[in-house]
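# Remarks on the overall topology
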Amino acid sequence: MTEGDKERTFAALPPSRGRAFASTWWGRAWVKALEDAALDSGQLKAGRGLARAGAVGSVSVRPGRITAVVRDRDRTTHRADVLVQELADERWDRFLDMTAERAGHVAALLDRDMPAHLVEDAADAGVELLPGLGDLEAACDCGAWDHCAHTSALCYQMARLLDLDPFTLLLLRGRTERTLLEELQRRGSTAGETNARDRHPQLVPDSAQDVAAAEAYAAGDMLPPLPALPALPEEPGRPPSLDTGAAPAAGVDPPALEFLAMATAVEAYRLLGRAVGPGHGSHPPEGELTLEQDAVRLAAAHPDTPISERLARGSGRDGRGMTLAVRAWQFGGAVALSVLEDEWIVGAEALARARAALASAWDEDKRPSLIASGNRWTVAGAPVQLRLGHDGRWWPYREVRGCWTPVGQAVGDPATAFATAVGDPRGVSADG
């Protein structure tokens, strides 16, 4: 892509088969403006075919016009032009004033984004950025009086370019990116200086002079308060389906990608809930997971999928081992997984506290008979086990089909953990 003062030329895009021409909402709005106004659906279909086949050459975009040479199916070439009315200077002033007043709009443009509320605010100010019905005027040397296959192909290709950079639409409406950003910066600087002078005249004197850093820092109320945090959504978002009907490229596994996208959404939702929850600032940062732990985390997000079997193999576990690991993870994440898979010798001080907790948890005649091994206390004659975590909490375990299985979350009281493991402590005798 090259850029002149008021013209940008985009290199020809490669063929695009089996995918929509636009993924952004503003790109789709451009396509809708074309398809709603075209009188011949056959020409639109032919134009889509040419665009998908890569028949559109370099696209030149300048105020009011886009131009490209399109190669027809018979190998002949045609110059296609599509005209869009430029915005008058007065409308541009309204758009720039409105945008400069909203920091979010400026940030979105800098991120090559055009949020719907920016376009809606512009429309409220009397500035229509996106073309509407009949706004895309066609001109082609093939002699067609309406949109032909060549101008349709150019419009479909333009939708792909708009996806990449919404500034292309603003250039088509009459302003280059550089001009826009300079005008926004000038308006923002003027507004900020006026606001600061009104609220803190001592910090913005009429004559230019330095201000002590401590004095400027002390005037922290110059900035408006941050808005309230939005409410946490009811559930994680669902990523889009990758089932496009086209064969995937070599080495691409759509089910695995969909699985990872969904697992990422679930994890992002969890982290967001933790961040906006009470006491977030007092929580220690979470440690980095090993590959084996991360495999369990991914499997726990969607345990009943074929991907879980692959994760089990990749982490060195069999199916039963992964099922147990996922169950532990659901009770307490990496900490619970460590309690499941690791046995350690309890240090003297921690061991003394554990024995004291066990001694005080029951009356002497009700205390179950416990056999200690490392950080694990197994109830004699019963399929129940208590495991001590590094943090001093107790995890309830129960023997299921010859395998010790976590059955609940960690608690501070061994008697509560015991009751959870038993299910109904009244049905177990004092000696187990």
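Cut-offs applied
Residues numbered from 1 in each chain as written. Predicted model: local features only at pLDDT ≥ 70, side-chain atom pairs only at ≥ 80, totals over all residues. Heavy atoms only, no water. 1 Å grid on protein atoms, 1.4 Å probe; cavity = no way out; pocket = protein on both sides within 12 Å on 5 of 7 lines; lining within 4 Å. Points joined across faces, edges and corners; volume = space filled by probe spheres on them. Helix = DSSP H or I, 4+ residues; strand = E, 2+ residues; numbered from the N terminus. Nonpolar A, V, L, I, M, F, W, Y, C, P; charged D, E, K, R; others polar. Axes fitted to C-alpha atoms, helices over the stretch in contact; angles between N-to-C directions. Parallel < 35°, antiparallel > 145°, perpendicular 65-115°, else oblique. Contact = heavy atoms within 4.5 Å. Buried < 20%, exposed > 50% of the residue type's maximum accessible area, 1.4 Å probe, protein only. Pairing = 2+ DSSP bridges. Left-handed = near helix turned anticlockwise from the far one by under 90°.

### Digging into the layout of surface pockets
By volume, the largest pocket amounts to about 560 Å³. Contributing to the lining of the largest pocket are 20 residues, with Arg270, Glu286, Trp329, Gly333 and Ala334 lying nearest its centre. For the lining of the largest pocket, the elements supplying multiple residues, two or more each, are helix H10 (254–276), helix H11 (291–301) and helix H13 (319–341). A total of six residues in the lining of the largest pocket trace back to one element, the largest contributor, which is H13. Of the residues belonging to the lining of the largest pocket, the class tally is 10 nonpolar, four polar and six charged.

### Observations regarding the packing of helix H3 (residues 89–100) against helix H4 (residues 103–110)
One way to put it is that H3 packs onto H4 with a least axis distance of 6 Å and a crossing angle of 105°. The angle between H3 and H4 falls in the class roughly perpendicular. Contacts between H3 and H4 involve Met98, Thr99 and Ala100 from the former and His105, Val106 and Leu109 from the latter. By residue class, the composition of the contact of H3 with H4 is four nonpolar, two polar and no charged.

### Some thoughts on the environment of threonine 9
For threonine 9, the position within the fold is in strand S2 (residues 8–10). Exposure remark for threonine 9: the relative accessible area of 28% places this residue in the partly exposed category. With 59 residues separating them along the chain, threonine 9 and alanine 68 place their C-alpha atoms 9.6 Å apart.

### Some remarks on the sheet that holds strand S11 (residues 403–406)
Here five strands make up an open sheet; going across it, the order is S7-S8-S9-S10-S11 and the pairing antiparallel. Each edge of the open sheet is held by one strand with a lone partner, namely strand S7 (370–373) and S11. The mean inter-strand angle of the sheet, taken between neighbouring strand axes irrespective of direction, is 30°. Of the pairings in the sheet, the one linking strand S9 (residues 384–388) to strand S10 (residues 394–400) comprises five bridges and is antiparallel in character. Looking across to S10, one finds that valine 384 is bridged to arginine 398. In the packing of H13 onto the sheet, contacts are made with strand S8 (376–379), S9, S10 and S11, and the angle to S11 comes to roughly 50°. On the sheet, helix H15 (residues 414–422) packs against S8, S9 and S10 and is oriented at approximately 25° with respect to S10.

### A few points about the packing of helix H2 (residues 41–52) against helix H6 (residues 149–164)
Contact geometry for H2 and H6: axes closest at 7 Å, N-to-C directions at 55°. Overall, the two elements H2 and H6 adopt an arrangement that is oblique. Of the two elements, H2 crosses H6, and the hand of that crossing is right-handed. Between H2 and H6, the residues in contact are Gln43, Leu44, Ala46, Gly47, Arg48, Leu50 and Ala51 and Ala149, His150, Ser152, Ala153, Tyr156 and Gln157, respectively.

### A look at the pairing of strand S4 (residues 65–71)
With three bridges joining them, strand S3 (residues 59–62) and S4 adopt antiparallel strand pairing. Directly across from serine 60, in S4, lies its bridge partner threonine 67. Connecting S3 to the next strand, S4, in antiparallel fashion are two residues, including glycine 64 with a positive phi near 85°. Hairpin connection between S4 and strand S5 (residues 77–83): a loop of five residues separates the two successive antiparallel strands, and arginine 75 in this loop has a positive phi of roughly 80°.

None of the figures reported here should be taken as evidence of function without further support.
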